[in-house]
Amino acid sequence: MNKKLGINTTCVHTGEVKDTQFKGAISPIFMATSYAFDGVDVKRYPRYYNTPNQEMLCKKIAALEQTEDALIFSSGMAAISSTMLAFLKRGDHVVVQQVIYGGTYNFIVSEFDKYGIEYSFTASDKVEDFISLIKENTKILYIETPSNPLLGITDMQAISTIAKQNNILTMIDNTFASPINQIPTNFGIDIIIHSATKYMGGHSDISAGAVAGSKEHIEQVWNTAINLGGNLSDQTVWLLERSLKTLNLRVKEQTKNAQIMAEYLEGNSNIDAVYYPGLKSHPQHEIAKKQMKGFGAMLAFELNENLDAMDFQRNLKLIKSSMSLAGLESTTVSPVQTTHALLSEEERLERGIKDGLIRFSVGIEEPEDLIADIEQAIKSLQ
Ligand SMILES: *Cc1c(COP(=O)(O)O)cnc(C)c1O
């Protein structure tokens, strides 16, 4: 087929493994870890990232991200670490956005010195702050937008323009937006990374990662990835394929609910601040409008100082506390207690992360039920 398929058709059909023997309606799972080396076009092995289920699911992910190729990993961090190490060598330098996923931050600060790779964190997500850090040996600009946990927005077009002028590669962590709400290649970003544990998996039951980009870039990632061995098992590849069939339906509904919840929270006098790119009050709302198709289903809010964030979450009955995010079920987390617990208070405040901050992953439940849950939780604190 050469006509571009619609998004739901892509989610359901692209990269299906055809069941030619029994004509089942869904992809069979090929569990083999052992494939013939003789008389075949491709030598297949799980850690070569090319078993039938792996190879075919990459086509769906590439189609969703509108790239030539993709690779699937056993976690988001396997995708991030393999990709960064594929493009960086001793003496290279990378400019990293200040507010990023905690695991990515830890990977950089605890591993890069061992490899002799230099890094600088920006002072904010503004383009000027990236430009000021670019050096002769800078190889990568690494961004995350919307970012964790304050939903900051980085201008993808501005970043990719600067990078191209300086012959630097751009990488984005596109986990929060998912390809439903944001297609980074449309703004010139080279490499797109996902924790597929989040929206792509979507049901809080699989750990996976993905990287998408040009054939050439993905081949370079593959060359390092086969050495690091972060491949995903075929059972989980199959579950991820099943999850991706409903990606658009899920994320659309969650995004719609998040807008409703953000507006509700903004109007609630017990809440001091709401961070959601879909609100006009968001400082980068105009950039978000330019580069996002929907504003996503993650938001954050600050409770009044006299309300305890942990007690508030314990009082919620429907909305669960969770270290993770992006499931069908709504969840909250205190960044201070979890994702940013390793930072000092000073480092946290520098990043705008206060004790009362709650990150809210909005699910598919009806917003009126979520609102009722929040109201009763606040009430029982007073
Ligand atoms: C969860 C997450 C990751 C890491 O993914 P894992 O699957 O846990 O390894 C990376 N980036 C973002 C934005 C995430 O939310």
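In every chain, residue numbers begin from 1 and rise along the written sequence. Given that this is a predicted model, residues contribute local features only at a pLDDT of at least 70 and side-chain atom pairs are listed and counted only at 80 or more, while totals for whole chains, interfaces and linings are drawn from all residues. Only hydrogens and water are removed before side-chain values are computed, so all heavy atoms of the structure are retained for them.

*Asks:* Please set out the packing of helix H3 (residues 76–87) against helix H4 (residues 102–115) residue by residue, giving values where relevant.
*Replies:* Where H3 contacts H4, the two axes come as close as 11 Å, and the packing angle between them is 35 degrees. The handedness of the crossing between H3 and H4 is right-handed. Residues Met77, Ile80, Ser81, Met84 and Leu85 of H3 touch H4, and the partners they reach there are Gly103, Thr104, Phe107, Ile108, Phe112 and Tyr115. In this classification, the charged set is Asp, Glu, Lys and Arg, the nonpolar set is Ala, Val, Leu, Ile, Met, Phe, Trp, Tyr, Cys and Pro, and all remaining amino acids, among them Gly, are polar. Grouping the constituent residues of the contact of H3 with H4 by class yields 8 nonpolar, 3 polar and no charged. Between N-to-C directions, angles span 0 to 180 degrees; the directions come from axes that are lines fitted to C-alpha atoms, helices contributing only their stretch in contact. Under the scheme used here, helices are H or I runs from DSSP no shorter than 4 residues and strands are E runs no shorter than 2 residues, and both carry numbers assigned from the N terminus. Each crossing gets its hand from how the near helix is turned against the far one by less than a right angle, where anticlockwise is left-handed and clockwise is right-handed. By definition, residues are in contact when any of their heavy atoms lie within 4.5 Å.

*Asks:* Help me get a handle on the site of the ligand, residues and values and all.
*Replies:* For this description, a residue counts as near a given molecule or strand if any of its non-hydrogen atoms is within 4 Å of it. Of all residues adjacent to the ligand, which total 14 residues, the nearest are Gly76, Met77, Asp173, Thr197 and Lys198. Any N or O atom pair separated by 3.5 Å or less is treated as a polar contact, with the protein-specific requirement of one donor-capable and one acceptor-capable atom, and with residues adjacent in sequence counted only for side-chain atom pairs. A distance of 2.8 Å separates an oxygen atom of the ligand from a polar backbone atom of Met77. We get accessible surface area from the Shrake-Rupley algorithm with a probe of 1.4 Å; when it comes to residues, only the shown protein chains can shield them. Its free accessible area being 380 Å², the ligand has 91% of it covered by the protein chains. With 3 residues, H3 is the largest single contributor of residues to the shell around the ligand. When grouped by side-chain class, the residues that make up the shell around the ligand number 6 nonpolar, 5 polar and 3 charged.

*Asks:* I'd love a proper account of the packing of helix H10 (residues 247–266) against helix H14 (residues 367–379), names of residues and values included.
*Replies:* Here H10 crosses H14 at 35 degrees, and the two axes come no closer than 10 Å. In this structure, H10 crosses over H14, and the sense of that crossing is right-handed. Of H14, the residues touching H10 (which contributes Asn257, Ile260, Met261, Tyr264 and Leu265) are Pro367, Leu370, Ile371, Ile374 and Glu375. Looking at the contact of H10 with H14, its residues break down into 8 nonpolar, 1 polar and 1 charged.

*Asks:* Explain the domain arrangement of the protein residue by residue, including any values.
*Replies:* By domain assignment, the protein separates into domain 1 (7–244) and domain 2 (248–381). Inter-centroid distance (C-alpha atoms) of domain 1 to domain 2 is 26 Å. If you look at the interface, domain 1 gives 39 residues, while domain 2 gives 43 residues. Once two parts are joined, some of their accessible surface, as seen by a 1.4 Å probe, is lost; buried area is that loss totalled over both. For the pairing of domain 1 and domain 2, the buried interface totals around 3,300 Å² over both sides, and the portion due to carbon and sulfur atoms is 56%. Contact with domain 2 buries area across many residues of domain 1, yet Leu150, Asn181 and Tyr199 alone supply 23% of it, more than any other trio. Note on definitions: salt bridges are taken to be side-chain nitrogens of Lys or Arg within 4 Å of carboxyl oxygens of Asp or Glu. Linking domain 1 to domain 2 there are 1 salt bridge. Notably, a salt bridge pairs Lys290 with Asp155, separated by 3.1 Å at the nearest N-O pair. Inspection of the domain 1/domain 2 interface yields 16 residue pairs in polar contact (both at pLDDT 80 or more). Breaking the side of domain 1 that touches domain 2 down by element, the ones donating at least two residues are helix H1 (7–13), H4, helix H7 (178–181) and helix H9 (234–244). Classifying every residue of the side of domain 1 that touches domain 2 by side-chain character gives 20 nonpolar, 16 polar and 3 charged. Domain extents, as shown, originate in an automatic or database domain assignment.

*Asks:* Describe the sheet that holds strand E10 (residues 320–321), naming the residues involved and giving the relevant values.
*Replies:* Strand pairing requires that DSSP identify at least two bridges connecting the strands. Read from one edge to the other, the open sheet built from 5 strands follows the order E8-E9-E12-E11-E10, with strand pairing classed as mixed. For this open sheet the edge positions go to strand E8 (271–275) and E10, each flanked by a neighbour on one side alone. Taken together, the 4 bridges between E8 and strand E9 (residues 298–303) define a ladder with antiparallel strand orientation. Directly across from Ile271, in E9, lies its bridge partner Leu303. Across the face of the sheet, H10 comes into contact with E8, E9 and strand E12 (357–361) while running at roughly 15 degrees to E9.

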